[in-house]
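Observations on chain architecture
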Amino acid sequence: MNLPQILSLVLLVVILVLAVWRHVNIGLLGFSAAAVMVMVSALSADGSAAETVLSSKAVLNHFPGAIVTLLIGVSLLFAHLEKSGGLSWFTDKVYSKMGHQTHLVPWIGYFIGFAISTAGAFSTASITLLVPVIAALGRKHPRLFFICEMAAIIGANTGALSPINPTGQVILEAAKKAQVIYSPWLVWFLGMVLSFVLVIALQIVFQDKRVVDVSELNKGKKGYLLLKPVTQESCDNHQLQPFYALCSTIAVLIFLFLVIFAKANVGLTALTLAVMMMLFFPKNSKDFVKKIPWNAVVVISGLLVFIGTMMQIDTMKAVEQGLLSMTSSKIALLFMLAYLTTFLSNVESSTLGVISLMIPMVFTIFGDSPQISLILAACAAPAMLSVVNPIHIAGTLVVSVTDEKQQETMFKRLLIIAFATVPFFPGLAMIVPAIMM
């Protein structure tokens, strides 16, 4: 391993530590790390000691324009569906129909969030919409508040493994660069299965018969503490505009048809339809730029620029050789990568960032394996479950819609659940690929 490769690994560790410790956007740190690599390369070149000279132009060629376009386009397209009130109206209607089926109610939010993210909506946007809607439901059925929130955010984040979603697109781009072919819909399906297991487990543990109010606990009754949503109306549902909602729904359906059946570019198709809607409904489209998840745009841009730089100087190949020198067991390597990816997703607030960081390494080491889809699912799917961690946006939103007196308890509960996924779910996801390897 040469000096630039060692430096890139050191910088990788540094940006991970700083992102967690100082809460700085990891994408900005990635851009800065790439700049350091360029400067060090230039200084080394003056002394004719560098094997690979990095230029600013070459580094910026790694900027993920297609994925950024996808994030912007899909966010704007689904913003129309949200602003029209159509999504809130549909969600409320479904919940009102199933309100008394306590075992089925949590799955409503799961499948709505899962479907929206599968269709391409950035998972954070799906979660941001669903959390307050479910909190409103929780004021009618407080015993179901917690499990309904958990099911919805887990479903929304797991659906992000869809190849239409920005997260799925990041994985596809990494596979394309590594010249690896895998089944994206199989990875998506396996992620769904794993999330099913977690939601069912949470539903068993926190079933309504075991949930007891604080006043009942004081009377000697046993049970889990009932965590209630805020009492005041905090859900800012948009008023239903039937024609606008109909047009927004048609636009999303056209988007899905063109992407799935006509193989149209996901980002450009979403952006074109979103702009057409803005032209037809200008009054409803004011401040839509705020709907774009700029934080995620910066995260993915900075990280992919830095990772592209690392791949340009063959750091990933050097890491592969180093890991193979430590052990010849592919199962041991899978174990390391699966658990490391899940752990990093828990401590770093951007799951998308961690996926973009770790998946290229998975393709580098296991790219020639016939079980690559299963291996990829074992590394990526458990990481998507960490979204319940309160340091993530989803966990933070759930805490914010919880009664103020119980927010600390909710924070601790979410933290326990998030870190309980680390030792269990990567191992569960590894069973099938490990047997077949």
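Presented here is an overview of the structure given in this document. Throughout this document, residue positions are counted from 1 along each chain, in the order its sequence is written. Thresholds applied to this predicted model are a pLDDT of at least 70 for local features of residues and 80 or more for the giving and counting of side-chain atom pairs; totals over whole chains, interfaces and linings are not thresholded and use all residues. Excluded from the side-chain calculation are hydrogens and water; included are all heavy atoms of the structure.

1. A word on the side chain of Ser356
This is how the line gets drawn: Only DSSP runs of H or I covering at least 4 residues are called helices, and only runs of E covering at least 2 are called strands; the numbering of each starts at the N terminus. Relative accessible area decides the class of each residue, using a 1.4 Å probe on protein chains only: under 20% of the type maximum gives buried, over 50% gives exposed, and in between gives partly exposed. Two N or O atoms form a polar contact when they lie within 3.5 Å of each other; inside protein one atom must be a possible hydrogen donor and the other a possible acceptor, and for residues adjacent in sequence the pair counts only when both atoms belong to side chains. Throughout, a residue-residue contact means that at least one pair of heavy atoms, one from each residue, lies within 4.5 Å.
Inspection of the secondary structure puts Ser356 in helix α17 (residues 351–366). For Ser356, a relative accessible area of 1% gives the class buried. Here the side chain of Ser356 touches Gly353 through a polar contact of 2.7 Å, landing on its backbone oxygen. Each residue touching Ser356, except ones within four places of it in the same chain, is listed here: Val170, Ile300, Leu303, Leu304 and Ile307.

2. A closer look at the nonpolar core
Our working rule: Among the buried residues, those of types Ala, Val, Leu, Ile, Met, Phe, Trp, Tyr and Cys that are joined through side-chain atoms within 4.5 Å form a nonpolar core.
Within the largest apolar cluster, 141 residues are counted, with the highest numbers of intra-cluster contacts made by Ile153, Phe255, Phe306, Ile359, Phe363 and Phe366. With sequence-adjacent residues up to four places away left out, Phe366 is seen in contact with Lys330, Leu333, Leu334, Leu337, Ile372, Ile375 and Met437.

3. Let's talk about the packing of helix α12 (residues 242–260) against helix α13 (residues 266–280)
Heads up, the rule is: Lines fitted to the C-alpha atoms define the axes, with helices restricted to the stretch that makes contact. Angles between their N-to-C directions range from 0 to 180 degrees. An angle below 35 degrees is treated as roughly parallel, one above 145 as roughly antiparallel, one from 65 to 115 as roughly perpendicular, and anything else as oblique. When the near helix sits turned anticlockwise from the far one by under a right angle, the crossing is termed left-handed; a clockwise turn instead gives a right-handed crossing. As a working rule, the residues Ala, Val, Leu, Ile, Met, Phe, Trp, Tyr, Cys and Pro are called nonpolar, Asp, Glu, Lys and Arg charged, and the rest polar, with Gly in that last group.
Orientation of α12 relative to α13, taken along the N-to-C sense of each, is 160 degrees, at an axis distance of 10 Å. Taken as axis vectors, α12 and α13 run roughly antiparallel relative to one another. Between α12 and α13 the crossing geometry is right-handed. Here α12 contributes Tyr244, Cys247, Ser248, Ala251, Ile254, Phe255, Leu258 and Val259 to the contact with α13, which in turn contributes Val266, Thr269, Ala270, Leu273 and Met277. When the residues that make up the contact of α12 with α13 are grouped by side-chain class, the tally is eleven nonpolar, two polar and no charged.

4. Quick notes on helix α6 (residues 105–118)
Heads up, the rule is: A helix's residues, less one, multiplied by 1.5 Å, set its expected span.
An ideal rise of 1.5 Å per residue puts 20 Å on 14 residues; α6 measures up with 20 Å between its terminal C-alpha atoms. Counted residue by residue, α6 has twelve buried out of 14 residues, so it is predominantly covered. Taken together, the buried positions of α6 are occupied by Val105, Pro106, Trp107, Ile108, Gly109, Tyr110, Ile112, Gly113, Phe114, Ile116, Ser117 and Thr118. The elements touched by buried residues of α6 are α4 (65–83), α5 (86–97), α7 (123–138), α8 (145–158) and α10 (184–205). Among the residues trailing α6, Gly120 stands out with phi positive, at a value near 125 degrees.

5. Observations regarding the packing of aromatic side chains
Condition: Two rings belonging to Phe, Tyr or Trp (six-membered ring only in the last case) form a pair when the distance between their centres is within 6.5 Å. Interplanar angles under 30 degrees mark stacking, angles over 60 mark edge-to-face geometry, and anything in between is tilted.
Enumeration according to the criterion identifies 16 aromatic pairs in this entry. Here Tyr110 and Phe196 contribute two aromatic rings whose centre-to-centre distance is 5.4 Å and whose plane-to-plane angle is 85 degrees, an arrangement assigned as edge-to-face. One end of the pair, Tyr110, is in helix α6; the other, Phe196, is in helix α10, with 86 residues separating them in the sequence. A relative accessible area of 28% means that Phe196 is categorised as partly exposed. A centroid spacing of 5.4 Å and a plane angle of 40 degrees characterise the contact between Phe257 and Phe261, whose relative ring orientation is tilted. Residue classification places Phe261 among the exposed residues on the basis of a relative accessible area of 62%. Three or more aromatic residues joined by ring pairs make a cluster, and in this case those are Trp107, Tyr110, Phe111, Phe114, Trp185, Trp188 and Phe196.

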